[in-house]
There are 2 protein chains.
Amino acid sequence: MKLYELVGSDHTQGFSPFVWRIKLALAHKNLDYELIPLQFTEIKDALTFADSKTVPVLEDGNNVTKDSWDIACYLEETYADRPSLFGGNVGRAGSKLLNSQIIMPLLAPLFRTLVADIHDILDDADKDYFRSTREPRIGCTFEEARENYKVSLAIFKKNLWSYNKYLLTEEYFSGEAPAYNDYILYSMFLWARGTSNIKLLDDDDPLNKWLVRMDQSFGDLVAHLKR
Amino acid sequence: MKLYELVGSDHTQGFSPFVWRIKLALAHKNLDYELIPLQFTEIKDALTFADSKTVPVLEDGNNVTKDSWDIACYLEETYADRPSLFGGNVGRAGSKLLNSQIIMPLLAPLFRTLVADIHDILDDADKDYFRSTREPRIGCTFEEARENYKVSLAIFKKNLWSYNKYLLTEEYFSGEAPAYNDYILYSMFLWARGTSNIKLLDDDDPLNKWLVRMDQSFGDLVAHLKR
């Protein structure tokens, strides 16, 4: 199995939150794979075979799947005898909903929080591409985004309220053990750890304790990332 | 089984969104029950036996349960041989998360949108109580809330984005058939229908088609409500 991922100047450190979801899903199902690192400007040509302009792409023998959600569903169906990512159809629906729910309230403000730091870890060849495509998207320069990162961070943190509330009584976002709901959320924090030193949580946030539990479950995979 | 619910001057029309969740859950499990209507100012005394200051309360023989989430879990465990509300532990976790997720982005702005209309359907005895407890909570008078309802409604509608997006590819929030995720969301719209004439959705919102499907599934229960 080959998993195509996104890297910066350090080709051993993938940082895409969507690739993280699949790395965690593959670990959940105890499946081995080879990582194929790509820079932003390499993606288009390298993934023509998959008809994809984004990572992750998973190549499993003759089966090529793009988009993290479709890959997760592919793994769940193809490796149904291994631990389940969704725990059935209702759980799958809940994960799919969570997939949408975090885009505007969490991923968007977190992207604005991290974007200048992400730029800094890219290879020089990628920096121009990243700036010219992302600055119009966020409506300001990276320098302005860095200067105002606390505004974006405050929105992100405010929108974590329901997740912190949930964790007051529950261990994992998938119930008694981690599964795909947890990976959707954990991948956001791994994205941040791999790209930035900005502290995302308050010390007493229940999410902190959940992150410790997640780190313990995925020690080898995430050990290289600073917390 | 007795379900204690909240009514206005018309004692046959319960409108609490949290009671709606349980009515839908009881219908899902095909369980019969008697409705006990209570006005706001009757709740405190009437529910002392349940140590509850809010509806719903469910009395099932000697078992008394308060809080909609706990009642849903009680029904799921006690009537485990009937159709499942959660579809397993991961689905249950997803529903519990959704329970929290809609409070700030959806229930709060929807309450502000509806609050003046809710006031108007209350019995006179309840109107003073409702005003004196809710106006401090929303930080303005009901008259001001009515005047500015479009601001609150716009927030509510903006925060429906992920739910509309989800429904572009899925039939129900619980997957292929309605279950508790759907009831959490449907109950918001039933609350609005039972209290107000304000139109919540745009005509082309995927949520409209989902509401039609939900109405078809629960025809008898919701037929008296205008759409």
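Going by the structure above, here's the rest.
Residues numbered from 1 in each chain as written. Chains lettered and ligands numbered in written order. Predicted model: local features only at pLDDT ≥ 70, side-chain atom pairs only at ≥ 80, totals over all residues. Heavy atoms only, no water.

Asker: So what about the overall build of chain A? Which residues, and what values?
Answerer: Counting secondary structure elements, chain A contains 12 helices and 4 strands. Over its C-alpha trace chain A gives a radius of gyration of 17 Å, about what one expects of a compact globule, namely 17 Å for 227 residues. C-alpha atoms of chain A, sized along the principal axes, occupy 50 × 45 × 30 Å. The long-range fraction of contacts in chain A, counting pairs at least 24 apart against all pairs at least 6 apart in sequence, stands at 68%. (Helix = DSSP H or I, 4+ residues; strand = E, 2+ residues; numbered from the N terminus. Rg over C-alpha atoms; globule rule 2.2 N^0.38 Å. Contact = heavy atoms within 4.5 Å.)

Asker: Hey, could you go over the relation of the copies chain A and chain B for me, with residue numbers and the actual values?
Answerer: Mapping chain A onto chain B is achieved by rotating through 180° and translating by 0.0 Å along the same axis, at an RMSD of 0.0 Å. Here the transformation between the copies is reduced to the relation of a two-fold axis. Considering only C-alpha atoms, the residue of chain A closest to the rotation axis is glycine 91 of chain A, which sits at 2.0 Å. The overlap is high: 100% of the interface residues of chain A also sit at the interface in chain B, so the same surface is used on both sides. (Least-squares fit on C-alpha atoms with pLDDT ≥ 70 in both.)

Asker: Give me the lowdown on helix H8 (residues 149-158) of chain A, citing residues and values where you can.
Answerer: Residues and elements named next belong to chain A. When we look at burial in H8, the residues that qualify are Ser152, Leu153 and Phe156. Buried residues of H8, seen end-on, are gathered within an arc of 100° and therefore sit on one face of the element. H8 presents Lys150, Val151 and Lys158 as exposed residues on the side facing more than 90 degrees away from its buried surface. On the buried face of H8, the contacting elements are helix H5 (103-121) and helix H10 (180-195). (Buried < 20%, exposed > 50% of the residue type's maximum accessible area, 1.4 Å probe, protein only. Arc of directions from axis to C-beta.)

Asker: Describe the pairing of strand E3 (residues 57-60) of chain B, listing the residues and the values that go with them.
Answerer: Remember that side chains alternate between the two faces of the sheet whenever the strand is regular. Residue and element names in this part refer to chain B. Here strand E1 (residues 2-6) pairs with E3 via 3 bridges, running antiparallel. Bridge pairing in E3 links leucine 3 to leucine 58. In terms of strand pairing, E3 meets strand E4 (residues 63-66) through 4 bridges, oriented antiparallel. Note on E4: the bridge partner recorded for aspartate 60 is asparagine 63. (Pairing = 2+ DSSP bridges.)

Asker: Would you mind going over the pattern of salt bridges in detail, with residue names and values included?
Answerer: Residue and element names in this part refer to chain A. Under the criterion given, the structure shown has 28 salt bridges over all chains. The partner of lysine 127 in a salt bridge is aspartate 124, and the shortest N-O contact between them spans 3.6 Å. Residue lysine 127 and its partner aspartate 124 are both found in helix H6 (residues 124-138); the two are separated by 3 residues, about one turn of the helix. A residue is classified by how much of its surface remains accessible, and aspartate 124, at 60% relative accessible area, is exposed. (Salt bridge = Lys/Arg side-chain N within 4 Å of Asp/Glu carboxyl O.)

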